[in-house]
Amino acid sequence: MPALVDLLTLSFAEMGSFLAALGWPRYRSAQVLRWLYQRGVTDIDAMTDLSKRDRAQLAERAAVCSLNATESRRAEDGTWKFIFSLADGTSIETVVIPDQERLTLCLSTQIGCTLDCAFCLTGRMGLLRNLQPEEIVGQVLASQRYLSKDSALTNLVLMGMGEPLANPEAVEESIRRITDRRWGLGFSPRRITLSTAGLAPRLNRVANLGINLAVSLNATTEAQRNRLMPAANHAYSLKTLLDACRRYPLKPRQRLTFEYVLLKNENDSEDDALRLARLVRNIRCKINLIPFNEFPGSPFQRPSDDAILRFQSIVTGRGLDVFIRKSKGREVLGACGQLGSLSPPLVRPLRKHAKRGSPAPALASASR
Ligand code: SAH
């Protein structure tokens with residue numbers, strides 16, 4: 001018997017061909033895809049507007065292989081980190097971040113990362129492999145399944161493990177499935193942000209997707225950026241990156257976001273603040289300062305709150321919008337730059353949560 005096809009691996013066009021081979025009319029593609037993405041079913045038998053016979057025929061050839069969280073940790077501030085294990089035994093991390101009226105999901109796009117940013121835990125793993133579209137979209141589907149019915153995700157950020165623009169085809173296909181209103185998840189592209197370490201020639205691919213772009217600047221001179229983000233800056237220098245940002249086709253009322261990790265005595269001086277303001281002059285943007293999140297063995301420190309506010313006020317004083325990103329989920333290593341291999345004592349199996357009566361994911365709702 002031929003292996004079953006995982007329906008979540010198929011693009012819109014592939015679904016059409018697959019169903020055509022079963023002798024089904026094309027319009028059935030959107031019908032099946034809606035079950036997968038809009039109703040989040042994890043089982044062909046739940047597709048109740050297909051006849052029993054059709055469901056049985058489909059189940060002979062296909063299955064729905066949804067992601068399951070093997071572990072999760074919830075921080076005091078409500079941040080919830082899931083670890084999903086994949087078919088090949090690897091695992092990825094996804095973080096749900098509640099913030100006032102928003103419920104943001106931070107998605108991973110690679111297992112590990114090819115880049116070697118000195119302040120990032122994921123960078124230490126190296127790249128294991130790229131994620132497939134179904135593994136990227138699967139993080140959204142599975143997280144939504146684990147959240148209660150009345151807490152729908154409102155925003156998505158591609159800021160988890162990996163460099164999204166180093167895996168562009170899978171990211172593009174994922175965004176198509178996430179944003180399609182007819183058969184996909186129907187997310188507004190305006191509520192999705194992709195963060196890149198600065199692969200300059202690929203920035204326009206983000207514009208084509210209609211989603212928001214965040215660029216991790218993190219330094220104000222070439223030498224400093226070479227030190228902090230060696231692989232990224234050797235590939236595309238600060239100057240090349242900023243030139244590409246200046247040419248970036250922003251839509252009316254859209255702004256670029258520059259992220260700037262604040263590292264004590266590394267890039268948090270008054271001169272850095274002044275240089276930062278000068279570098280982004282003439283670019284319609286806002287700046288997100290991310291105070292460094294420490295991880296075991298991390299070589300940097302977070303600046304004091306006073307130093308962070310001072311840095312912010314200098315850049316604000318030059319007429320820019322500067323926000324300090326609250327670091328959420330630090331105690332569960334779920335904050336920026338803290339996603340990576342975890343040592344076992346940091347991780348609690350889901351079952352233990354459930355025993356203590358906390359609103360933990362209902363594992364029973366997932367198929368396999
Ligand atoms: N590769 C992409 C997305 C993943 S990193 C990128 O570089 O943008 C997401 C954000 O977290 C980036 O802005 C990065 O600079 C920041 N970051 C990485 N490690 C961090 C840490 N330890 N503390 C705070 N921010 C960190």
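In what follows, the structure referred to is the one given above.
In this report, the structure presented in the accompanying data block is examined. (Residues numbered from 1 in each chain as written. Predicted model: local features only at pLDDT ≥ 70, side-chain atom pairs only at ≥ 80, totals over all residues. Heavy atoms only, no water.)

Some details on the overall build of the chain
The condition that has to hold: Secondary structure counts use DSSP, requiring at least four H or I residues in a row for a helix and at least two E residues in a row for a strand, with both numbered from the N terminus. We compute the radius of gyration over the C-alpha atoms and compare it with the globule rule, which gives 2.2 Å times the number of residues raised to the power 0.38. Here, two residues are considered to be in contact whenever any of their heavy atoms come within 4.5 Å of each other. Computed with the Shrake-Rupley method and a 1.4 Å probe, the accessible areas treat only the protein chains shown as cover for residues.
Counting its regular elements, the chain contains 12 helices and 14 strands. Relative to the compact-globule value of 21 Å for 368 residues, the chain shows a C-alpha radius of gyration of 21 Å, a close match. Contacts in the chain between residues far apart in sequence, at least 24 positions, make up 65% of those at least 6 positions apart. On the chain, roughly 16800 Å² of surface is accessible, and the fraction owed to carbon and sulfur atoms is 49%.

Quick look at a positive patch on the surface
Selection criterion: A patch consists of residues exposed above 30% relative accessible area that lack any salt bridge, with like charges linked at up to 9 Å and nonpolar side chains (Val, Leu, Ile, Met, Phe, Trp, Tyr) linked at up to 5 Å. Between Lys or Arg on one side and Asp or Glu on the other, a salt bridge is scored when a side-chain nitrogen of the former is within 4 Å of a carboxyl oxygen of the latter. Lys and Arg are tallied as positive, Asp and Glu as negative. Neither His nor the chain termini are counted. To locate a charge, take NZ of a lysine, CZ of an arginine, CG of an aspartate or CD of a glutamate. Accessible area is worked out with a 1.4 Å probe on protein chains only. A residue is then buried under 20% of its type maximum, exposed over 50%, and partly exposed in between.
Side chains of Arg102, Arg181, Arg190, Arg191, Lys251 and Arg253 sit close together on the surface and give a patch of like positive charge. Within the fold, Lys251 resides in the loop between helix H9 (238–247) and strand E12 (256–262). Its relative accessible area of 39% is what places Lys251 among the partly exposed residues.

Quick notes on helix H2 (residues 28–37)
Most of H2 is tucked away: 9 of the 10 residues are buried. When H2 is considered as a whole, its buried residues turn out to be Arg28, Ser29, Ala30, Gln31, Val32, Leu33, Trp35, Leu36 and Tyr37. Those residues of H2 hidden inside the fold are in contact with helix H1 (12–21), helix H3 (52–61), helix H4 (133–146) and helix H5 (168–179).

Digging into helix H11 (residues 305–317)
To be explicit about the condition: Under the convention used throughout, the expected extent of a helix is 1.5 Å for every residue step, that is, one less than its residue count. The directions considered for the arc run from the helix axis to the C-beta atoms.
Along its 13 residues, H11 runs 18 Å from first to last C-alpha, staying within 8% of the 18 Å computed at 1.5 Å per residue. For H11, every residue scored as buried is listed here: Ala307, Ile308, Phe311, Gln312 and Val315. Looking down the long axis of H11, one finds its buried residues gathered within 135° of arc, a one-sided arrangement. In H11, the exposed positions angled more than 90 degrees off the buried face are occupied by Asp305, Asp306, Arg310 and Gly317. Those residues of H11 that are buried are in contact with E12, helix H10 (270–279), strand E13 (285–291) and strand E14 (321–324).

Some points on the layout of surface pockets
In plain terms, the rule: Cavities and pockets were defined on a 1 Å grid built from protein atoms only: a cavity is a group of points that admits a 1.4 Å probe but offers it no way out, a pocket is an open group of points flanked by protein on both sides within 12 Å along at least five of seven lines, and a lining residue is one with an atom within 4 Å of any such point. Grid points are joined across faces, edges and corners, and a volume is the space filled by probe spheres set on the points. Residue classes follow a fixed rule: Ala, Val, Leu, Ile, Met, Phe, Trp, Tyr, Cys and Pro count as nonpolar, while Asp, Glu, Lys and Arg count as charged, and any other residue, Gly among them, counts as polar.
Considering only enclosed or pocket space, the second largest pocket measures out at about 860 Å³ in volume. In this structure, the second largest pocket is lined by 35 residues; those nearest its centre are Ser66, Gly138, Leu141, Ala142 and Arg145. Of the residues contributing to the lining of the second largest pocket, the split by class is 16 nonpolar, 10 polar and 9 charged.

Quick word on the nonpolar core
Looking at soluble globular proteins, one finds that nonpolar side chains tend to be buried together. The condition that has to hold: In this text, buried Ala, Val, Leu, Ile, Met, Phe, Trp, Tyr and Cys residues form a nonpolar core when linked through side-chain atoms within 4.5 Å.
Counting 85 residues, the largest nonpolar core has Leu7, Met47, Leu58 and Phe258 as its most contacted members. If we skip the residues at most four places from it in the chain, Leu58 touches Leu7, Phe18, Leu19, Leu22, Trp24, Ile44, Met47 and Leu50. Core analysis: the second largest hydrophobic core is formed by 17 residues, Phe119, Cys120, Ala232 and Leu333 among them.

Thoughts on the pairing of strand E9 (residues 155–158)
Both faces of the sheet carry side chains from a regular strand, because those side chains alternate between them. In plain terms, the rule: At least two DSSP bridges between two strands are needed for those strands to be called paired.
Side chains Asn155 and Val157 project from E9 onto one buried face, and the interleaved Leu156 and Leu158 project onto a second face that is buried too. Relative to E9, strand E6 (residues 102–106) runs parallel, the two sharing 3 bridges. Its bridge partner being in E9, Cys106 is matched across the sheet by Val157. Note: E9 against strand E10 (residues 192–196), 3 bridges, orientation parallel. Counterpart to Val157 in the pairing with E10 is Thr193.

A word on the pattern of salt bridges
Any two side chains of opposite charge can pair, so long as their charged atoms come close to each other. The tally for this structure, following the rule as stated, stands at 15 salt bridges. The salt bridge involving Glu173 is made with Arg177; its shortest N-O contact spans 2.7 Å. Of this pair, Glu173 and Arg177 both sit in helix H5, 4 residues apart, which is roughly one turn of the helix. Here Glu173 falls in the buried class, since its relative accessible area comes to 11%. Exposure remark for Arg177: the relative accessible area of 2% places this residue in the buried category. The network of salt bridges with common partners includes Asp88, Arg129 and Glu135.

A closer look at the side chain of Gln224
As a reminder of what qualifies: Contacts described as polar in this section are N or O atom pairs within 3.5 Å, which, within protein, must combine one atom able to donate a hydrogen with one able to accept it, while residues neighboring in sequence count only if both atoms come from side chains.
Looking at where Gln224 falls in the secondary structure, it is placed in helix H7 (residues 222–228). A polar atom in the side chain of Gln224 sits 2.8 Å from the backbone oxygen of Glu266. One polar contact links Gln224 to Asp272, side chain to side chain, over a distance of 3.2 Å. Leaving out residues up to four positions away in the same chain, Gln224 has contacts with Ala219, Glu266, Asn267 and Asp272.

Comments concerning the environment of Leu7
Its location among the elements puts Leu7 in the loop between strand E1 (5–6) and H1. A C-alpha to C-alpha distance of 8.9 Å links Leu7 and Val32, two positions 25 residues apart in sequence.

Considerations on unusual backbone geometry
Of note in this structure, Gln100 is not a glycine but carries a positive phi near 45°. Summarising the element assignment, Gln100 is placed in the loop between strand E5 (91–99) and E6. Look at Gln100 and you get exposed, because its relative accessible area is 75%. Here Asn265, not a glycine, exhibits a phi torsion of approximately 60°, which is positive. As for its placement among the helices and strands, Asn265 is situated in the loop between E12 and H10. On the basis of relative accessible area, Asn265 is assigned to the exposed category, the value being 67%.

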